[in-house]
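An overview of the molecular structure
The lines below spell out each chain.
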Amino acid sequence: MIDRIRALPKAELHLHIEGTLEPELAFELARRNGVQLPFATVEALARAYEFSDLQSFLNLYYQCMSVLRKPADFADLADAYLQRAARDGVRHVEMFFDPQAHTSRGVPLDDVVAGLREAVQAAPARHGVSAALIACFVRDRPVAEAMHTLEGLAAHLDVIKGVGLDSAEVGNPPGAFREVFAAAEQLGLRKVAHAGEEGPPAYVWEALDVLGVERVDHGIRAAEDQSLLRRLATDRVPLTVCPLSNVRLHCVESLADHPLPRLLEAGVLVTLNSDDPAYFGGYVADNYLAVARELALDLDTLAVLARNSLLASFTDLELVAEAAEQPA
Ligand code: ADE
Ligand code: ZN
């Protein structure tokens, strides 16, 4: 089954590049940069990957990022992911990064983007994958800081295609970022936001109606609101769903309880993604395989999900046209 899944051309639309930092690379970069990680060994770090909720994950995620300091660190991280993604049949990636998680610890935004740019621009020739960046604002940091970050991003619009909103959701509704997203739109940037991961359906409505997002990241709690499901289906607003992440962060009790089948039944354009694969036990093909097994999805349904990912991407790729021609 995994080979058939890997053979499906697909896009990955919900992938935090900082969440692809495998323990081995974390230690290598720590050595390279003279940074001390609060874990003695790779194994001790890997054992810390037990999370009770989103915040408990974010604490470790931000801690591990301290090893990323130079453009080459970001380039190596992104290149390792792109190589890995190509093996899973990923043809196109819209890669999230968290500018403020780096600038807040003294790493210049231009250095972060320079490293990511190098990997992204080399990816078609090196790995047969096209890639673009989506800069996420950290929603539990001040709105003014997000606006300042946007000003810095404006110098890199050749490689940054969109803005997103991530980090601790509950208590940080999307509407606070209305002006930042409006300014991003003025710059021609595409708009997405995490909503309805841990937060209520009301946050998904707000992401749609106040921020005007074109895709919703996670959005699984939309399954609790029939009129929201109708809105997503009617307006063809894609959801970037990350099943293994949802289990690891206890957003759902188990894969068997995942709302994915209800979202599909409601006619929502669902895509499957890996979120932070180094932390959640699987890359994108592993997510496809896990839902196939636990939710009894057949290969035709997996092919629909893969095709959805191409249709939901922000890039007019030939492969999108190709995929659209294939019978779903
Ligand atoms: N940042 C990285 N992964 C995230 C997630 N699953 N939710 C919110 N913010 C994140
Ligand atoms: Zn995410």
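Below you will find a few notes about this structure. Sequence order as written defines the numbering, with residues in each chain counted from 1. Key to labels: chains lettered from A, ligands numbered from 1, both in the order written. Local features in this predicted model are restricted to residues whose pLDDT is 70 or higher, and side-chain atom pairs enter the listing and the counts only when it is 80 or higher, whereas totals over whole chains, interfaces and linings include all residues. With hydrogens and water stripped out, all remaining heavy atoms of the structure feed into the side-chain values.

On to the overall build of the protein, then. Helix numbering and strand numbering both begin at the N terminus, where a helix is a DSSP run of H or I of at least 4 residues and a strand a DSSP run of E of at least 2. Looking only at helices and strands, one finds 17 helices and eight strands in the protein. Taken over the C-alpha trace, the protein has a radius of gyration of 18 Å; the compact-globule value for 328 residues is 20 Å, and the two agree within 12%. Expressed along its principal axes, the backbone C-alpha trace of the protein runs to roughly 50 × 45 × 40 Å. Radius of gyration: C-alpha atoms only; globule rule: 2.2 Å multiplied by the number of residues to the exponent 0.38.

On to the site of ligand 1. Around ligand 1 lies a shell formed by His 16, Leu 54, Phe 57, Leu 58, Tyr 61, Asp 166, Ser 167, His 194, Glu 197, His 218, Asp 275 and Asp 276. With respect to ligand 1, the side chain of His 218 contributes an N or O atom lying 3.4 Å from a nitrogen atom. Throughout this description, a polar contact denotes any pair of N or O atoms lying within 3.5 Å of each other; where both atoms belong to protein, one of them has to be capable of donating a hydrogen while the other can accept it, and for residues adjacent in sequence the pair is counted only when both atoms sit in side chains. One of the side-chain nitrogen or oxygen atoms of Asp 275 is found 2.7 Å away from a nitrogen atom of ligand 1. Protein contact buries 100% of the 260 Å² of open area that ligand 1 shows by itself. Top element by residues in the shell around ligand 1 is helix 4 (residues 54-64). It accounts for four residues. For this classification, the nonpolar set comprises Ala, Val, Leu, Ile, Met, Phe, Trp, Tyr, Cys and Pro, the charged set comprises Asp, Glu, Lys and Arg, and every other residue, Gly included, is treated as polar. Its residues assigned to classes, the shell around ligand 1 comprises four nonpolar, four polar and four charged. One heavy atom within 4 Å of a molecule or strand makes the whole residue count as near it. Computed with the Shrake-Rupley method and a 1.4 Å probe, the accessible areas treat only the protein chains shown as cover for residues.

Pairing in this open sheet of eight strands is parallel, and the strands run 1-2-3-4-5-6-7-8 from one edge to the other. Among the strands making up the open sheet, the edge pair consists of strand 1 (10-16) and strand 8 (270-272). Strand-to-strand twist of the sheet, defined as the mean angle between neighbouring strand axes without regard to direction, takes the value 25°. By this definition, two strands are paired if DSSP reports at least two bridges between them. Here strand 1 runs beside strand 2 (residues 90-97); their pairing, made up of five bridges, is parallel. Within the sheet, the bridge partner assigned to Ala 11 lies in strand 2 and is His 92. Geometry is summarised by axes, namely lines fitted to C-alpha atoms with helices restricted to the contacting stretch, and by angles between N-to-C directions that run from 0 to 180 degrees.

Attention shifts here to the side chain of Glu 12. In this fold, Glu 12 is placed in strand 1. Here the side chain of Glu 12 touches Ser 274 through a polar contact of 2.6 Å, landing on its backbone nitrogen. Setting aside residues no more than four positions away along its own chain, Glu 12 makes contact with Tyr 81, Val 90, His 92, Val 93, Glu 94, Asn 273, Ser 274, Asp 275 and Val 284. Note on definitions: a residue-residue contact is assigned when non-hydrogen atoms from the two residues lie within 4.5 Å.

All right, on to the packing of helix 8 (residues 143-153) against helix 9 (residues 178-186) then. Across the interface, helix 8 lies against helix 9 with an axial gap of 9 Å and an inter-helix angle of 10°. In terms of axis orientation, helix 8 runs roughly parallel to helix 9. Seen from helix 8, the contacting residues are Val 143, Ala 146, Met 147 and Leu 150; seen from helix 9, they are Glu 179, Val 180, Ala 183 and Ala 184. Of the residues in the contact of helix 8 with helix 9, the class split is seven nonpolar, no polar and one charged. In this scheme, roughly parallel covers angles under 35 degrees and roughly antiparallel covers those over 145, while 65 to 115 is roughly perpendicular and the rest are oblique.

Surrounding the zinc ion (ligand 2) are the protein donor atoms His 14 (NE2), His 16 (NE2), His 194 (NE2) and Asp 275 (OD), which sit 2.1 to 2.2 Å from the metal. The donor set covers N, O and S atoms within 2.8 Å of the metal, switching to 3.2 Å for Na, K and Ca, and it leaves out water, so a site may look short of donors. Geometry is assigned from donor-metal-donor angles: four donors are tetrahedral when every angle falls between 85 and 135 degrees, four are square planar and six octahedral when opposite donors sit over 155 degrees apart with all other angles between 65 and 115, and any other arrangement is irregular. Classification of the site at the zinc ion (ligand 2) rests on its four donor atoms, whose angles at the metal span 82 to 174°, yielding the label irregular.

Here we take up the pattern of salt bridges. Opposite charge on two side chains lets them pair, provided their charged atoms get close. When a carboxyl oxygen of Asp or Glu lies within 4 Å of a side-chain nitrogen of Lys or Arg, that pair is called a salt bridge. Using the criterion set out here, one finds 13 salt bridges in the structure. A salt bridge links Arg 6 to Asp 88, with the nearest nitrogen and oxygen atoms 2.9 Å apart. Highlighted residues: Arg 6 in helix 1 (residues 2-7) and Asp 88 in the loop between helix 5 (71-87) and strand 2, separated in sequence by 82 residues. Given a relative accessible area of 27%, Arg 6 falls into the partly exposed group. Burial classes follow relative accessibility: with a 1.4 Å probe on protein chains only, a residue under 20% of its type's maximum area counts as buried, one over 50% as exposed, and anything between as partly exposed. By relative accessible area, which is 1% here, Asp 88 ends up buried. Where Asp 88 meets Arg 84, a salt bridge forms, and the shortest distance between an N and an O atom there is 3.5 Å. Residue classification places Arg 84 among the buried positions, given a relative accessible area of 17%. In this structure, a network of salt bridges that share partners links the residues Arg 6, Arg 84 and Asp 88.

Those residues of helix 4 not exposed but buried are Leu 54, Phe 57, Leu 58, Leu 60, Tyr 61 and Cys 64. Buried residues along helix 4 sit against strand 1, helix 3 (42-47) and helix 14 (277-280). N-capping of helix 4 is provided by Asp 53, with a side-chain oxygen placed 3.4 Å from the backbone N of Gln 55.

A few words now on the side chain of Arg 139. Residue placement: Arg 139 occurs in the loop between strand 3 (130-138) and helix 8. Of note is the side chain of Arg 139, whose polar atom sits 3.0 Å from the backbone oxygen of Asn 172. In this structure the side chain of Arg 139 is engaged in a polar contact, spanning 2.8 Å, whose partner is the backbone oxygen of His 194. When sequence neighbours within four positions are dropped, the list of residues in contact with Arg 139 reads Leu 165, Asp 166, Ser 167, Ala 168, Glu 169, Asn 172, Pro 173, Pro 174, Phe 177 and His 194.

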